Structures are given as structure tokens and as C-alpha cells.
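These are the residues of each chain, in order.
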Amino acid sequence: MMPETRPRVLTGAHFINGDIACAEGALAAGLGLFAGYPITPSTEVAERLSQRLPEVGGRYIQMEDELASMAAVLGASWGGVRAMTATSGPGFTLMMENLGLGVMTETPCVVVDVQRGSPSTGLPTLVGQSDVMQAKWGSHGDYEIVAYSPSSCQEMFDLTIKAFNTADRLRIPVILLADEVIGHMTERVVIPEASKIERVERKRPASAPGNGYHPYATDNDLVPPMAPVGEGYRFHITGLTHDEKGYPVTDAVTHERLVRRINEKVLRQASSLCEYEEASLDDADIVVVAYGCVSRSVRRAIREAREGGIRVGLFRPITIWPFPGERIRELSAQAKAFVVAELNLGQFGRELERFTSKPVVGVNRAGGELLPPEPVLAAIREAASW
Amino acid sequence: MVGELLVQTHPRDALLRADRLPHIWCPGCGLGAVMDCYVRAIQASNVPLDKHVVVSGIGCTGRIAGYLNLDSFHTTHGRAIPFATGLKLAKPELEVTVISGDGDLFAIGGNHFLHAARRNTDLLVVCVNNFNYGMTGGQAGPTTPVGSRTSTTPKGASDAPFNLQHLAIALGASFSARWTALHLRQLRSSFARALQLKGFRFVEVLSPCPVGFGKANNLGEGIDEMNFYRSQGVVDQTIEPEMARVEMSHTVPLPLGIFADGGRKRNTLTPQTRRVNGAVTV
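Note that the coordinates shown come from a computational prediction; the quantities given were computed from them, not determined experimentally. Throughout this document, residue positions are counted from 1 along each chain, in the order its sequence is written. As a convention, the first chain written is A and the first ligand written is 1, with the rest following in written order. Local features in a predicted model are, by the rule used here, given only for residues with pLDDT of at least 70; side-chain atom pairs are given and counted only at 80 or more, and totals for whole chains, interfaces and linings are based on all residues. Side-chain figures throughout are based on the complete set of non-hydrogen atoms in the structure, without hydrogens or water.

Notes on the overall build of chain B
When you go through chain B residue by residue, the secondary structure sums to nine helices and 12 strands. Relative to the 2.2 N^0.38 estimate, which gives 19 Å for 282 residues, the radius of gyration of chain B is 18 Å and therefore close to what a compact globule would have. Across its three principal axes, chain B shows a C-alpha extent of roughly 60 × 50 × 35 Å. A 1.4 Å probe rolled over the protein chains alone gives each residue an accessible area, and that area as a share of the maximum for its type sets the label: buried under 20%, exposed over 50%, partly exposed in between. In chain B, which comprises 282 residues, the share counted as buried stands at 57%. Whether two residues are in contact is decided by their heavy atoms, any of which lying within 4.5 Å being enough. For chain B, the proportion of contacts with a sequence separation of at least 24, taken over those separated by at least 6, is 66%. For the area figures, the Shrake-Rupley method with a 1.4 Å probe applies, and any residue is considered shielded solely by the protein chains shown. When the accessible surface of chain B is summed, it comes to about 11,400 Å², and 54% of that surface belongs to carbon and sulfur atoms. The secondary structure listing takes helices from DSSP runs of H or I that are at least 4 residues long and strands from runs of E that are at least 2 residues long, numbered from the N terminus. Throughout, radius of gyration means the C-alpha value; the globule benchmark is 2.2 Å times the number of residues raised to the power 0.38.

Focus on the pattern of salt bridges
One side-chain nitrogen of Lys or Arg within 4 Å of one carboxyl oxygen of Asp or Glu is enough to make a salt bridge. Applying the stated criterion across every chain yields a total of 41 salt bridges over all chains. The closest approach of N and O atoms between E231 of chain A and K91 of chain B, which form a salt bridge, is 3.8 Å. Highlighted residues: E231 of chain A in the loop between strand 9 (186-191) and strand 10 (236-238) and K91 of chain B in the loop between helix 3 (80-90) and strand 3 (95-101), drawn from two different chains. Owing to a relative accessible area of 35%, E231 of chain A belongs among the partly exposed residues under this scheme. Owing to a relative accessible area of 10%, K91 of chain B belongs among the buried residues under this scheme. Among the salt bridges present, the one from K88 of chain B reaches D122 of chain B, with a minimum N-O distance of 3.4 Å.

A short note on the interface of chain A and chain B
Tallying the contact residues gives 39 residues for chain A and 43 residues for chain B. Summed over both partners, buried area is the accessible surface (1.4 Å probe) that two parts give up on being assembled. When chain A packs against chain B, the two sides together hide about 3,400 Å² of surface, and 55% of this comes from carbon and sulfur. If you sort the residues of chain A by the area they bury against chain B, R59, E64 and R234 of chain A come out on top, with a joint share of 22%. Summed over the shared surface of chain A and chain B, the number is five salt bridges. With a shortest N-O distance of 2.6 Å, E97 of chain A and R79 of chain B are connected by a salt bridge. Two N or O atoms count as a polar contact when they lie within 3.5 Å, although within protein this holds only if one can serve as hydrogen donor and the other as acceptor, and sequence-adjacent residues are included solely when both atoms are side-chain atoms. The interface formed by chain A and chain B contains 23 residue pairs in polar contact (both at pLDDT 80 or more). If you list the elements that add at least two residues to the side of chain A that touches chain B, you get helix 2 (43-55), strand 3 (59-62), helix 3 (66-78), helix 4 (89-105) and strand 10 of chain A. No other element matches the eight residues that helix 3 of chain A contributes to the side of chain A that touches chain B. Residues were grouped as follows: Ala, Val, Leu, Ile, Met, Phe, Trp, Tyr, Cys and Pro as nonpolar; Asp, Glu, Lys and Arg as charged; and all remaining residues, including Gly, as polar. In terms of residue class, the side of chain A that touches chain B is built from 22 nonpolar, 10 polar and seven charged. Bridge count for strand 10 of chain A against strand 2 (residues 71-74) of chain B is three bridges, and the pairing is parallel. Paired with I237 of chain A across the bridge in strand 2 of chain B is F73 of chain B. Note: two strands are recorded as paired if DSSP finds a minimum of 2 bridges between them.

Comments concerning the environment of R171 of chain A
Residues and elements named next belong to chain A. With respect to the element layout, R171 can be found in the loop between helix 6 (153-170) and strand 8 (173-179). On the accessibility criterion, R171 (2% relative accessible area) is buried. Separated by 31 residues in sequence, R171 and R202 have C-alpha atoms that sit 7.7 Å apart.

So, the pairing of strand 10 (residues 254-261) of chain B
Taken residue by residue, a regular strand's side chains alternate between the two faces of the sheet. Residues and elements named next belong to chain B. Extensive coverage of strand 10 is indicated by the burial of six of its eight residues. Bridge count for strand 7 (residues 175-180) against strand 10 is four bridges, and the pairing is antiparallel. Within the sheet, the bridge partner assigned to R178 lies in strand 10 and is G257.

Thoughts on the packing of aromatic side chains
Note on aromatic contacts: the rings of Phe and Tyr and the six-membered ring of Trp form a pair at centre separations within 6.5 Å, being stacked when their planes are under 30 degrees apart, edge-to-face when over 60 apart, and tilted otherwise. Evaluation of the coordinates by the stated rule reveals 21 aromatic pairs over all chains. Both rings, one in F235 of chain A and one in F73 of chain B, keep their centres 6.0 Å apart while their planes meet at 85°; by these two values the pair is edge-to-face. Linking F235 of chain A in the loop between strand 9 and strand 10 with F73 of chain B in strand 2, this pair reaches from one chain into another. Of the two residues, F235 of chain A and F73 of chain B, neither departs from the other in class, the shared state being buried. When the centroid spacing of 5.1 Å and the interplanar angle of 75° are considered together, the rings of F113 of chain B and F200 of chain B count as edge-to-face. Linking F113 of chain B in helix 5 (residues 110-118) with F200 of chain B in the loop between helix 7 (184-196) and strand 8 (201-206), this pair joins segments that are 87 residues apart in sequence. The rings of W78, Y213, Y233 and F235 of chain A together with F73 and F83 of chain B are connected pair by pair, giving a single aromatic cluster. The criterion is that NZ of a Lys, or CZ of an Arg, lies within 6 Å of the ring centre and within 35 degrees of the ring normal, and then a charge sits over that ring. The ring of W137 of chain A has K136 of chain A sitting right over it, with the charged end atom 3.8 Å from the ring centre. The ring of Y143 of chain A is capped by K136 of chain A, whose NZ or CZ atom sits 5.5 Å from the centre of that ring.

Looking at the domain arrangement of chain A
A common way to report how large an interface is uses the accessible area buried once the components associate. Residue and element names in this part refer to chain A. Partitioning chain A into domains gives domain 1 (12-196) and domain 2 (278-384). Here the C-alpha centroids of domain 1 and domain 2 sit 26 Å apart. Each side of the interface is counted separately: domain 1 has 26 residues, and domain 2 has 22 residues. Interface area lost by domain 1 to domain 2 is led by Q129, V132 and M133, which between them contribute 29%. What counts as a domain boundary in this text is fixed by an automatic or database domain assignment.

See the structure below:
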């Protein structure tokens, strides 16, 4: 029988699905509040946290919609806790409003999007990967975002922790861009001891309240220290274009400076943010690119192609945004072609084309089932014949 | 001729961001008076000033947050209440007040008002009701009286407006009052009372918007609308909330007063009290 109250970090080996691994990762990262709205295929994240958060002194609240969920997450973050929500395509769209507020006010938080077949209501229970561009461009305006793509239940756990650390380090919303297959797949997940969980704290103001704290005065890394509410710093935060004091300003110069900075603080870290896995690439002249669930089925295609003598390897982006363009450029030197397999009609592949002059072959499905190895193998063979 | 009165300091200086004044509101607007009432009420409250937080949405009223020398948030249109809900749950010792306009709270944000009231979320929500979208140039909104001329109802508004007192009380608000930008002592007293209570509390303030609404609707300048509040305002707290409609007519009384005060029996949405099976639920 399960004990009444379990610890925050469930150290040990577990056999759990990706959504639950995500919830446990959030708890291990120190999650203080979850606000969400039920939506398939992400509901297990909310269900798990509705049980687990109260066990460890956290707060779970089910909001009236995803607009409210995202707003509550931002409010909670300013309240000084790590906050998150979980959703899928239709809800992710509603969150874009306050995701933008999070970007503009530099509010750290984590948004989990367990992707399903889209557009619109689409295929609620079946897999898709068609929110790649929404994750980058979904809210209005120019901004840089960080999005991680887990391809296993272990990564659902690990990358959720990483997402919180990146969010707090850069003061941005970070997206865990998962998919239905990974969310609902059950695998072994190893949760380390609590002391082994990395934690990056938010930068706090160096001075005590009353010494002229300016909420948007930045350090060299362009990330402003963040004062908690209720401690006497008396700051004002707005989604309007603002100066270092946080005051609304209506001029092009301030606007340019602010928008450039909130983009630059992310782009400056792009090389350390961009994580990826590579397999069999040393001698490869065909590079298969796949992420999330699709990165699992393409491995078989690569293996069979290799058995047939084709020099092919895998590039699996773990960080989808910022886009790993520099690494693609490097691989482009050795590749004669890229094969990009994804459960959308070419969102990642289209971005990849900006970083190579080599042919880019898309293996695309709109979603609804995991991409099988066969069409990927066919594309590899086709490219090998060139 | 009235002489100019120069003062070096003002009793509310410490709570206003003087470096942001003068404010952006039009001559005749009631928002400055409402802000002053709120500031006086929190000065008199038992909660330390550092623990008072104001969250606003978008619009003229939404700008109050930026003039207060408190921790304050100017959020997205309609989302002040859910933002404040997350903030309050994360840090329960805060006294969180949402101050926003009728369009922000009851059109684009209407659903959040419903659900925050349903949960009995521990928030004071202040609605400055000026019957139109002032910031964008005087369009019709959810409280525009039938027949009123606005920039989007050139032949008069046809949609029925909300009676906000009826709405708030039907949703179970533990405190609900309506005053005007003229009834400043009553307003301050209602703020003070609401700040003593827990749970979902609501204060509505009718406020002149001569530029966006008043002049087009036979209410004249700000001072004329203040006179209208004086001549038509009737404090009758015995009437049923559903009868407390605001018609803004020179021939119909304007019902004012405290229509609910602490009568609510439900628990409050705080992490300590709203737990069912250990989870904070609704």
C-alpha cells in the first residue's frame, strides 16, 4: 500500500508514464504551484500533481480555462514559487496571451505542451508534433523562447527539472514540448536522490529594500534580478513597454532596447542551451533529424539503412528552441542530404533549411500515429542514391 | 478667482509614485478620487503596507496599479483576477486587491470573476464602472445602460447591461457595495470594511467619464455627473440586489450602498482551509 504522504523526491526506479514522470520532475525541481485546465493528453500531469502537491506543501488549483491557468502561473511565480501548467494544442493556443506577458515581464515559469493531432480540436487522444512553430511564434511580438523536446519518460523527468532551471536562470517561460506518445508511454524512470537534483536559483536584488531597486536594471548577462513580492521592494510590473524602473514608457528607443534585450539574453546563451544527441554521425553523409517520439522509430530505419551499407546517422535535437542552427551548419559540411522526420507538415525541416544548402527531405505525417520506420528508410535510400 | 495652493508634501506621498505624476486620466475622471480612497483605506488597515499588492488589468482603471507605491502588477486584459489568484495562493500572507474597469472585469474577464467568486477566493475586487471603454475611445461595454450613445452604439445601446451588485451577490460575494466617485467617505469606509473581511469581496464605484461617455449621454462634464450622483443617488440597503439596477437616468433613482456584508458562510479559498482530500479544490 502506498504511504499517505510521500516525500517530494521519489528517489528510486519507477515504471511510470511520461506525464507522471513530468509531474515528478516538477516536484523534484521544487514546484510550488500548478494551475491548469484538463486537456488530453496532458491530464495525467494535473491529476498526479493534484495528489502530490498537497502532500509536499504545494498548491494545486484547477482554473476555469487556460487563459486563467497561465495568468495564475505568472502570479504564483511573482509570489516567489516555482510554477507550472500543462496543456495540449488548443489550450496552448489560449496560453499564448499570458505567455507573452511572461516574456515581457520576464517571469520564470514552465509550460508543458503534450502535443496531439492538430489544427483545432484535431485528434485529442492521438499524437502530433505540430506545435513546434506555435512554441516559437505563438504569442504576438518578437521574442526568444526555450523549448525542450523529450523523447523518453526519463527525459520527461529530467527535462522538466532543466526547464525550471533555465526559466529561473533567464527569467523566461520555458516550454516542455512533449507529445502524446511520450506522455502516455510507460517506461523505467530513475529518480535520483534529492541532493543530486540540480537547482538554479533566481537572481535576487543585491541590495535590501528601500535602496532604489529597479526591477529591470540588468547585469552583464542581461537578466535583471527579481525581487519577491511583499518584502518591501515596492516595484511595478507591466506588460507595457517599460524602462528599468518598470514604468510604462511610450517611445521607440526604450522599446527597441527592451525588445532587443529580452531576445538577446536568450540568444546569447544559445550555444549552452542547445542540447542534442547524435548517433552514428561520424562517417555519415546522410543526417536523419528527428525529435520526440519520432526519434525513436527512426532509429530502426537508420539501423536497417546501415545494415544495407548506407552511411547514415541521427541528429536528435533536445532543445528545439533556440534552434540548433550552428550545429546544423557544421553537419552540413559532411552531409550530402538531411532527412527530417516529424509529425507535422515540415515545421522543423523548414527552419533547418535556413542553415544548410544541402537537400532537405521531409518525411512528414500530420499526426494520429507514430511515424513508422519504413517511409524514413525509403527517404534515406532515396537520398543515398543521389 | 481661486488662488493657487502650493504644497510641498502630501499625506499620501509615500504611497504614490510621485515621479509618475501627473497621471494620464482626463479632466473630470473619477479615478484619482477612487485611488485616494483606496490609499487611505490601506493606510488605515491592519496589514503592513508592504503586504498590500494591487493587480490590475487593462484600461484607464488598470493604470491605478502603476501610480501606487506598492508591489503592483498591470497584467493582460481581463486576467487580473486569475493572476491575483496565483499570487495569493503562492503567498497567502499578502493582501491582494484587484482594481480594474467594467470592461476588463466583466466582458473579457467575466468568466474569471465568476469562478473567483465561486471559489470564494480571498481577494478584494474593485470595479470602477464608467459604463464604457474609456481608454479606446468610448465604446459600449457590459455595463452600458440601454439606450446610451457610445462610439459603437450610435443609435443607443440595445444590449442589457449587468447589474454588478446582483451578479456579485448571486455568486456569493462575502461583501458587495456600490458607491460613486462622489461618495468618498462611504467608499473609503467600504474599502476599510472589505479589507477586514476574508473571502471574495467586491466594491463597485460608479465614476464619471465625461470624455468617453458623459457628454454624449446627457451627463455633461465630470462635475455635472457628480451632481447627478448627488441628486439621483439613493442609499437603500434593504432593496433586493436584483432591483439595484443602474440606469443613469435623470428620472430614476441610483441605488447605492452595501448590499452584502459578511453574510456568506462558505469557506474561503486559501491553502489552509480549502482542502478536500488534501488538495486545494473548488
